[in-house]
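One letter stands for each residue in the lines below.
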Amino acid sequence: MLRVRPVRAFADNYIWLIHAPSRPACVAVVDPGDAAPVIAELKSAGLQLGAILVTHHHPDHIGGVADLLRAAPVPVVGPDDDRIPDRTLTVRDGALAELPELGLAFKTLHIPGHTLSHIAFWGHDSLFCGDTLFSAGCGRTFEGTAQQMNSSLERLRSLPPRTQVFCGHEYTAANLRFALTVEPDNADALAYQQTVAKLRAEDRPTLPSELALEARVNPFLRCDTPAVRRAAERHAGATLADAAQVFGVLRAWKDTFR
Ligand SMILES: [Zn+2]
């Protein structure tokens, strides 16, 4: 399994540092929205930057790229999107994002919805999924349709259950409040809420999550289960034709949920 460490940025972002298996002092950074905390972590842990991976163009995911490149000119791997400057390697769906500096390669998954060019990096039992899948929740559909986002999430759900899920934000506790509004009797979600409350009380990350757990607790990965469909239909006051429609209702519901 990969050794990965979180770097906190802004209010609730995680920037992930992936250690090279054969050169543990060399790391790749995922979604460096801010350079300062990354540079501080590299310095204090005696690490050297080998590559930058970017899942999507939002400033809180790419804002630190230019400053990191000034400190170390390393490859920048990201999706085909001109809103992401400084890219040296563009990866499209199904392509291998090869990081020779680290002796690692990840498969690129194009997962539109949060943004149209959003990608995830998957490999070594790990998924770096930016703002598409969160623990117990998912990103807002800023650019894509509900159908696109639902297809992207279904695709992530089909990865091996033991996959470790490295998301871009610490939203788990708030997401679980919504998940338990949708499925108040979900025993796995109730148990997870206890675990998450304890971790947060100790100021520890709830991430990475595991895909097997997400499949049991995350309503956005459960749009085809009867309890979630019933809750969405009750909320919408209408019969919903398919999982994508259930997803659309859940996403709009969560957008205004407090
Ligand atoms: Zn985003």
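Our structure's up above, just so we're on the same page.
Rules and cut-offs
Residues numbered from 1 in each chain as written. Predicted model: local features only at pLDDT ≥ 70, side-chain atom pairs only at ≥ 80, totals over all residues. Heavy atoms only, no water. Donors = N, O, S within 2.8 Å, 3.2 Å for Na, K, Ca; no water. Tetrahedral: all angles 85-135°; square planar, octahedral: opposite > 155°, others 65-115°. Helix = DSSP H or I, 4+ residues; strand = E, 2+ residues; numbered from the N terminus. Buried < 20%, exposed > 50% of the residue type's maximum accessible area, 1.4 Å probe, protein only. Axes fitted to C-alpha atoms, helices over the stretch in contact; angles between N-to-C directions. Parallel < 35°, antiparallel > 145°, perpendicular 65-115°, else oblique. Left-handed = near helix turned anticlockwise from the far one by under 90°. Contact = heavy atoms within 4.5 Å. Nonpolar A, V, L, I, M, F, W, Y, C, P; charged D, E, K, R; others polar. Pairing = 2+ DSSP bridges.

Asks: Go over the coordination of the zinc ion with me, naming the residues and quoting the values.
Replies: Taken together, the protein ligands of the zinc ion are H56 (NE2), H58 (ND1), H114 (NE2) and D131 (OD), with distances of 2.2 to 2.3 Å. Because the angles between the four donor atoms bound to the zinc ion fall within 89 to 166 degrees, the donor set is best described as irregular. Mapped onto the polypeptide sequence, the residues donating to the zinc ion form the spacing pattern H-x1-H-x55-H-x16-D. You can see H56 sitting in the loop between β4 (48-53) and α2 (59-62) and its partner H114 sitting in the loop between β8 (104-110) and β9 (119-123), a full 58 residues away along the chain. Classification of H114 as buried rests on a relative accessible area of 4%.

Asks: Could you give an account of the packing of helix α8 (residues 226-236) against helix α9 (residues 243-255), with specific residues and numbers?
Replies: Between α8 and α9, whose axes approach to 9 Å, the crossing angle comes to 60 degrees. The angle between α8 and α9 falls in the class oblique. Crossing of α8 over α9 shows left-handed handedness. On the side of α8, the interface is formed by V228, R229, A231, A232, H235 and A236, while α9 contributes A243, V246, V249, L250 and W253. Split by residue class, the contact of α8 with α9 holds nine nonpolar, one polar and one charged.

Asks: Explain the sheet that holds strand β7 (residues 96-99) residue by residue, including any values.
Replies: If you walk across this open sheet you meet the six strands as β7-β8-β9-β10-β13-β14, and the pairing is mixed. Each of the sheet's edge strands pairs with one partner strand only, and the pair in question is β7 and β14 (209-210). As judged from the two bridges shared by strand β13 (residues 164-166) and β14, these two strands associate in the antiparallel manner. In the strand pairing of β14, V165 is matched with S209.

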